[in-house]
Amino acid sequence: MIFEPMIARDIEKKYFYKEVSKEMGFTALKTGLATVNCPYDNEYMNENFLKELAAKKPTPGGGGVAALLGAISSALGCMVCNFTIGKKKYAKYDEENQRLLNILNKNMVKFEELIELDAKAFEPLSKAYKLPSENDEEKKKKEEIIEPLLINSAMVPLKVMRLCGQTLEIISKLLNQSSVLVLSDVGVAASCCKSCID
C-alpha cells in the first residue's frame, strides 16, 4: 500500500499512533469488521496455506509470506546450528552456536505467530475498504474507520522487519562458525531474511 512506508516511519517516532491503534479494536468491533478466524496451526500451514494464498481473498498475503520467509530463515539457521554443534572441528563455537540456536528457535515461533497476526490485522481493513462512500457523510465515516485500521495493519509488518533484522544478524554470525557442509544453507537463510525485509 502506498501510505504504509510513511506511516511506518511515523510509528517509529510518535507515541500517538500507539494510542490511536488502541481504538482500532473498539472501532472494528462496533462496525462488525473484527470477526476473523485464522487457524494458522501447523496442520493448516502444511495443507492449506498455499491454496489460501493463491485464492482470490485478502489474507493470507504478502505480510504473511514475509513472516513465513522469516520463519524459514530461522528454521534453516537452526538446522545449521544442529549440524555444527558437536563437531570437533567447530567445538570452540559450540557454546555460542547453542545460544544462537535457542534464539532462532524462539524467533521461528514468533514468526509463525506473526503470520496469523498479520491476517487478523489486515482482514478488518480489507472489509473497511468495501464500506459505502456514495456521499460526504459516508466518505467521512469510512475515512474515520480506515485510518486506525491502516495504522494497526502496518504495525505487524514492522514487527516482522525488526525480528528479521535480528535473525539476519544471527545468520551472518553463523557464516564464520558453521560446518562447511551447510554454508549454502546459511546463504539461503540470509536470502530469505533479505526478501522478508524487502
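Along each chain, numbering runs from 1 in the same order as the chain's sequence is written. Residue-level local features of this predicted model are given only where pLDDT is at least 70; pairs of side-chain atoms are given and counted only at 80 or more, and the full residue set underlies all totals for whole chains, interfaces and linings. With hydrogens and water set aside, each side-chain value is computed from the structure's full complement of heavy atoms.

Novice: Break down the side chain of S179 for me, with residues and values.
Specialist: A helix here means a DSSP run of H or I that spans at least four residues, while a strand means a run of E at least two residues long, and both kinds are numbered starting from the N terminus. Among the secondary structure elements, S179 is positioned in the loop between α7 (136-174) and α8 (183-197). Partly exposed describes any residue whose relative accessible area lies between the buried limit of under 20% and the exposed limit of over 50%, with all areas from a 1.4 Å probe on protein chains only and scaled to the type maximum. Given a relative accessible area of 4%, S179 falls into the buried group. If we ignore the near neighbours within four places in the chain, the residues touching S179 are T84, K87 and Y90. Residue contacts follow a heavy-atom distance rule, with two residues in contact if any of their heavy atoms lie within 4.5 Å.

Novice: Would you mind going over the environment of N105 in detail, with residue names and values included?
Specialist: The topology assignment puts N105 in helix α6 (residues 94-128). Through-space distance from the C-alpha of N105 to that of G77 is 8.8 Å; in sequence the pair is 28 residues apart.

Novice: Tell me about the pattern of salt bridges, and name the residues and values.
Specialist: For this document, the term salt bridge refers to a Lys or Arg side-chain nitrogen within 4 Å of an Asp or Glu carboxyl oxygen. Per the stated rule, a full pass over the model turns up three salt bridges. Between E52 and K57 there is a salt bridge, with its nearest N and O atoms 2.4 Å apart. Classification of K57 by relative accessible area gives partly exposed; the value is 39%. For K120, the salt bridge identified is with E116, shortest N-O distance 3.0 Å. One end of the pair is K120 and the other is E116, both in helix α6 and four residues apart, which spans about a single turn. A residue is classified by how much of its surface remains accessible, and K120, at 38% relative accessible area, is partly exposed. Overall, the relative accessible area of 24% leaves E116 in the partly exposed class.

Novice: Summarise the nonpolar core; cite the residues concerned and give the values.
Specialist: Residues A67, F111, L114, V156, V160, C164 and C196 are the most contacted members of the largest nonpolar core, which totals 14 residues. Among the secondary structure elements, those contributing two or more residues to this core are α5 (62-84), α6, α7 and α8. Sequence-distant contacts of F111, that is, excluding residues within four places in its chain, are made with A67, G70, A71, S74, V160, L163, C164 and T167. Within the second largest apolar cluster, 13 residues are counted, among which are C81, L100, V186 and A189. We define a nonpolar core as any set of buried Ala, Val, Leu, Ile, Met, Phe, Trp, Tyr and Cys residues linked to one another through side-chain atoms lying within 4.5 Å.

Novice: Can you lay out the confidence of the model for the chain for me, pointing to particular residues and giving the numbers?
Specialist: Each residue carries a pLDDT score, the predictor's confidence in it, ranging from 0 to 100. Per-residue pLDDT for the chain has a mean of 80; in total, 76% of the residues score no lower than 70. Within the chain, the lowest mean pLDDT, 39, falls on helix α2 (residues 16-31), and the highest, 94, falls on α5. Every residue in residues 1-40 scores below 50 in pLDDT, and together they form 55 contacts with partners more than four places removed in sequence or on other chains.

Novice: Give me the lowdown on the packing of α6 against α7, citing residues and values where you can.
Specialist: At a minimum axis separation of 9 Å, α6 and α7 run at an interaxial angle of 165 degrees. Between α6 and α7, the angle falls in the class roughly antiparallel. The chirality of how α6 crosses α7 is left-handed. Axis lines are fitted through C-alpha atoms, for helices just across the contact stretch, and the angle between N-to-C directions can take any value from 0 to 180 degrees. The scheme is simple: roughly parallel for angles under 35 degrees, roughly antiparallel for over 145, roughly perpendicular for 65 to 115, oblique for anything else. We call a crossing left-handed when the near helix sits turned anticlockwise from the far one by less than a right angle, and right-handed when that turn is clockwise.

Novice: Can you break down the packing of α5 against α6 residue by residue, with the values?
Specialist: Across the interface, α5 lies against α6 with an axial gap of 8 Å and an inter-helix angle of 160 degrees. Looking at the two axes, α5 sits roughly antiparallel to α6. Relative to α6, α5 is oriented so that their crossing is left-handed. Only Asp, Glu, Lys and Arg are considered charged in this grouping, and only Ala, Val, Leu, Ile, Met, Phe, Trp, Tyr, Cys and Pro are considered nonpolar; every other residue, Gly among them, is considered polar. Residues that form the contact of α5 with α6 fall into these classes: 13 nonpolar, ten polar and two charged.

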